[in-house]
Amino acid sequence: MISHFFGWDRTPFTKEIPTESLYQSSSFQQCVARLQYMVKTRSFGLVTGEIGAGKSTAIRSLRDGLDLTKYQFIYLCDSSLKPRDFYRELLHHLGIPPKHLRSETKRQFEHAIWDLYENQQKTVVVIIDEAHLLQGDMLQEIRFLTNFQIDSVSPLALVMVGQPELRSTLQMRLFKPITQRMNVRYHLGGLDREETRKYIEHQLETAGAKHPIFTAEAIDSIYGHTRGIPREINNECTACLLDAVVRKEKLVDAMHVDRILNEYKEF
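Residues numbered from 1 in each chain as written. Predicted model: local features only at pLDDT ≥ 70, side-chain atom pairs only at ≥ 80, totals over all residues. Heavy atoms only, no water.

**Some remarks on the overall build of the protein chain**
For the protein chain, the count of helices and strands is 12 helices and 5 strands. Seen through its principal axes, the protein chain has C-alpha atoms that stretch 65 × 40 × 30 Å. In the protein chain, which comprises 267 residues, the proportion classed as buried is 48%. For the protein chain, long-range pairs separated by at least 24 residues make up 72% of all intrachain contacts whose partners lie at least 6 apart in sequence. Split by element, the accessible area of the protein chain, about 13,800 Å² in all, is 48% carbon and sulfur. Separation between the mean location of the 34 positive side-chain charges and that of the 34 negative ones in the protein chain comes to 6 Å. (Helix = DSSP H or I, 4+ residues; strand = E, 2+ residues; numbered from the N terminus. Buried < 20%, exposed > 50% of the residue type's maximum accessible area, 1.4 Å probe, protein only. Contact = heavy atoms within 4.5 Å. Areas by Shrake-Rupley, 256 points an atom, 1.4 Å probe, with all protein chains shown as cover. Lys, Arg positive; Asp, Glu negative; His and termini not counted. Charge placed at Lys NZ, Arg CZ, Asp CG, Glu CD.)

Take a look at the structure:
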């Protein structure tokens, strides 16, 4: 509907944008660089960010850039994950039938990642997303993954990803042993005003736009309301474009944004 009206190749501000076409803001580049460092050095680290700041996109960028002959990528995103199922889930990703007891599955996983590392020259990369929702017993269980030959060689890279409250949780004395072992920590914030403009223009250009669609006033208004959070920018820009399509207008100005924001207030 939007792409047809404006004559574009595809609809902008969606998740379908290819990794190579992602907008590379300064903070996004820094986040991906730290993720890549954790993988290459087989480190334990933490990435936090507001809802919609681009954490999942950064993970996708990391995954798509990995040489799968050298790395085994495991992505976990289950807020209800319990210690008894943790290693079973990891083993399923490795294609290994888990045994019944938790102690057995722990040993299975340890053996599997060492076999991959020493005999196949392959590093396991474990991403635990939405980690701010994990219960305390699950966070404590994650400590086990950092215990392989402490202060020596590690056979895997482990990254916890979550919202800002995860940092507060890990600051509790109970979880001090976890934070002490974290090699890298990074917080992914929103875009600034200029990056918001560039982000919107980039999304439109990759969709096939040949000339500006959003006025400077419209972009300023969008930035003020979204605080530069990419997912919120996507939602507002899409709503503005739909409003423009309905009104058969090819330029999005501050009036379109105001109408959309007034609609949002009703929810």
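**A word on the pairing of strand β1 (residues 44–49)**
Most of β1 sits out of view: 6 of its 6 residues are buried. Burial along β1 is two-sided: the face carrying Phe44, Leu46 and Thr48 and the face carrying Gly45, Val47 and Gly49 are both buried. Where β1 and strand β4 (residues 156–162) come together, 5 bridges link them in parallel fashion. When the sheet's bridge partners are listed, Gly45 is paired in β4 with Val159. Bridge count between β1 and strand β5 (residues 184–188): 5 bridges; the pairing is parallel. (Pairing = 2+ DSSP bridges.)

**Quick word on helix α4 (residues 83–93)**
For α4, the set of buried residues is Pro83, Phe86, Tyr87, Leu90 and Leu91. Here the buried residues of α4 occupy an arc of 120° about the axis, which is enough to place them on one side. The exposed residues of α4 that point more than 90 degrees off its buried face are Arg84 and His92. The inward-facing, buried residues of α4 contact β2 (71–76), α5 (102–119), β3 (123–128) and α6 (136–142). (Arc of directions from axis to C-beta.)

**Thoughts on the packing of aromatic side chains**
Per the stated rule, a full pass over the model turns up 7 aromatic pairs. On the numbers, 5.0 Å between centres and 90° between planes, the contact of Phe5 with Phe6 is edge-to-face. Arranged with centres 4.5 Å apart and planes meeting at 15°, the rings of Phe6 and Trp8 form a pair that is stacked. One exposure class covers both Phe6 and Trp8, and it is buried. Cluster of aromatic residues (ring-pair linked, three or more members): Phe5, Phe6 and Trp8. Directly above the ring of Phe5 sits Lys250, whose terminal nitrogen or CZ lies 4.8 Å from the centroid. (Phe/Tyr/Trp six-rings, centres within 6.5 Å; stacked < 30°, edge-to-face > 60°. Lys NZ or Arg CZ within 6 Å of the ring centre and 35° of its normal.)

**Things to note about the sheet that holds β2**
Strand order in this open sheet of 5 strands is β2-β3-β4-β1-β5, and the pairing throughout is parallel. Edge positions in the sheet fall to β2 and β5, since each of these pairs with one other strand and no more. For this sheet, the mean inter-axis angle between neighbouring strands, taken without regard to orientation, is 15°. The strands that helix α3 (residues 55–64) touches are β1, β2, β3, β4 and β5; relative to β2, the one it contacts most, it runs at about 160°. (Axes fitted to C-alpha atoms, helices over the stretch in contact; angles between N-to-C directions.)

**Structural notes on the nonpolar core**
If you look at the biggest cluster of nonpolar residues, it comprises 31 residues, and the most contacted ones within it are Phe86, Ile142 and Met160. Within the residue set of this core, elements represented by two or more residues are β1, β2, α4, α5, β3, α6, β4 and α7 (165–170). Aside from chain neighbours lying at most four places away, what touches Phe86 is Leu76, Leu81, Ile128, Met138, Glu141, Ile142 and Leu145. If you look at the next biggest cluster of nonpolar residues, it comprises 27 residues, including Trp8, Tyr23, Ile219 and Leu261. (Core = buried A, V, L, I, M, F, W, Y, C linked by side-chain atoms within 4.5 Å.)

**Quick notes on the pattern of salt bridges**
The full count for this structure, using the stated rule, is 9 salt bridges. With its nearest N and O atoms 3.9 Å apart, the salt bridge here joins Arg84 to Asp85. A relative accessible area of 55% means that Arg84 is categorised as exposed. A relative accessible area of 31% places Asp85 in the partly exposed class. A salt bridge links Arg197 to Glu194; the nearest nitrogen and oxygen atoms lie 2.2 Å apart. With Arg197 and Glu194 both in helix α9 (residues 193–207) and 3 residues apart, the pair spans about one turn of that helix. When its relative accessible area of 37% is taken as the criterion, Glu194 is described as partly exposed. Within the structure, one salt-bridge network assembled from shared partners comprises Glu194, Arg197 and Glu201. (Salt bridge = Lys/Arg side-chain N within 4 Å of Asp/Glu carboxyl O.)

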